[in-house]
Amino acid sequence: MATFEILVIIASLGALFLLQQKDKNAWKKYLITAIGVLLFEYFTQALWLNKNLESWSYLYLDVNWVLTLGWTAIILVSSAFIDYTMEDLSDKKKYLMYVLAASIIGFFSESLVTALGKREYSASSQALMSGINIFGSVPLEALYYIPVFMSLVIAFKMYWELNIKKQRSKK
């Protein structure tokens, strides 16, 4: 049954809808972030196994577009929260806060998908891991991996948002 996939899609699109109420360019940010997440997932797909998801939710090998939407929503909601609550921070400090907020939510989300059996780690990844789990079934190494994932995707997002702003200012 596709309950998990449908809930993730609804939550992600719901986040986009709410963000669109405050930011008319939220859909552009959503698309940029989704592309960044998808690229990162594509190039790192050998690290994990996405399992027990509906066949229609896979794009290529182990890359799952539904999980991409979930990570996209986490990043955008975290960024919007920081933007609205800490608007006086410099861009550098906001970036660090985006990464911190998205990583915290990401740890709990990773715990959820591993507990539900939707994600496991490949044998080659497990061979390099300490064997220590946190938040249930999330490997200790996620304390490094998730912030790196978030920092790269958020930097990608911020870079392309700057380009969009530049294009609008030229018009």
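Refer to the structure printed above.
Because the structure is a prediction, the values reported are computed rather than measured.

Asker: Honestly, the overall build of the chain in this entry has me stumped. Any pointers?
Answerer: Of regular secondary structure, the chain possesses six helices and six strands. Going from the N terminus to the C terminus, the chain shows its helices and strands as α-α-β-β-β-α-α-β-α-β-β-α. For 171 residues, the compact-globule formula gives about 16 Å, and the C-alpha radius of gyration of the chain, at 16 Å, lands near that figure. Along the first, second and third principal axes, the C-alpha set of the chain runs to 50 × 30 × 25 Å. Taken over 171 residues, the chain has a buried fraction of 44%. Expressed as a percentage of contacts within the chain between residues at least 6 apart in sequence, the contacts between residues at least 24 apart total 67%. On the chain, roughly 9900 Å² of surface is accessible, and the fraction owed to carbon and sulfur atoms is 69%. One way to put it: in the chain the 16 positive side-chain charges average out to a point 12 Å from where the 13 negative ones average out.

Asker: Mind showing me how you'd approach the packing of aromatic side chains here?
Answerer: How two aromatic rings sit relative to each other is set out by the distance from centre to centre and by the angle between their planes. Per the counting criterion, the structure on display carries ten aromatic pairs. Ring geometry for tryptophan 56 versus tryptophan 65: centroids 5.9 Å apart, planes at 50 degrees, classification tilted. Accessibility expressed as a relative area gives 27% for tryptophan 65, which makes it partly exposed. The cationic tip of arginine 119 hangs over the ring face of tryptophan 48; the distance from NZ or CZ to the ring centre is 4.8 Å.

Asker: I would appreciate a short explanation of unusual backbone geometry in the present structure.
Answerer: Look at asparagine 52: it is not a glycine, yet its phi comes out positive at around 60 degrees. Classification of asparagine 52 by relative accessible area gives exposed; the value is 54%.

Conventions and cut-offs
Residues numbered from 1 in each chain as written. Predicted model: local features only at pLDDT ≥ 70, side-chain atom pairs only at ≥ 80, totals over all residues. Heavy atoms only, no water. Helix = DSSP H or I, 4+ residues; strand = E, 2+ residues; numbered from the N terminus. Rg over C-alpha atoms; globule rule 2.2 N^0.38 Å. Buried < 20%, exposed > 50% of the residue type's maximum accessible area, 1.4 Å probe, protein only. Contact = heavy atoms within 4.5 Å. Areas by Shrake-Rupley, 256 points an atom, 1.4 Å probe, with all protein chains shown as cover. Lys, Arg positive; Asp, Glu negative; His and termini not counted. Charge placed at Lys NZ, Arg CZ, Asp CG, Glu CD. Phe/Tyr/Trp six-rings, centres within 6.5 Å; stacked < 30°, edge-to-face > 60°. Lys NZ or Arg CZ within 6 Å of the ring centre and 35° of its normal.

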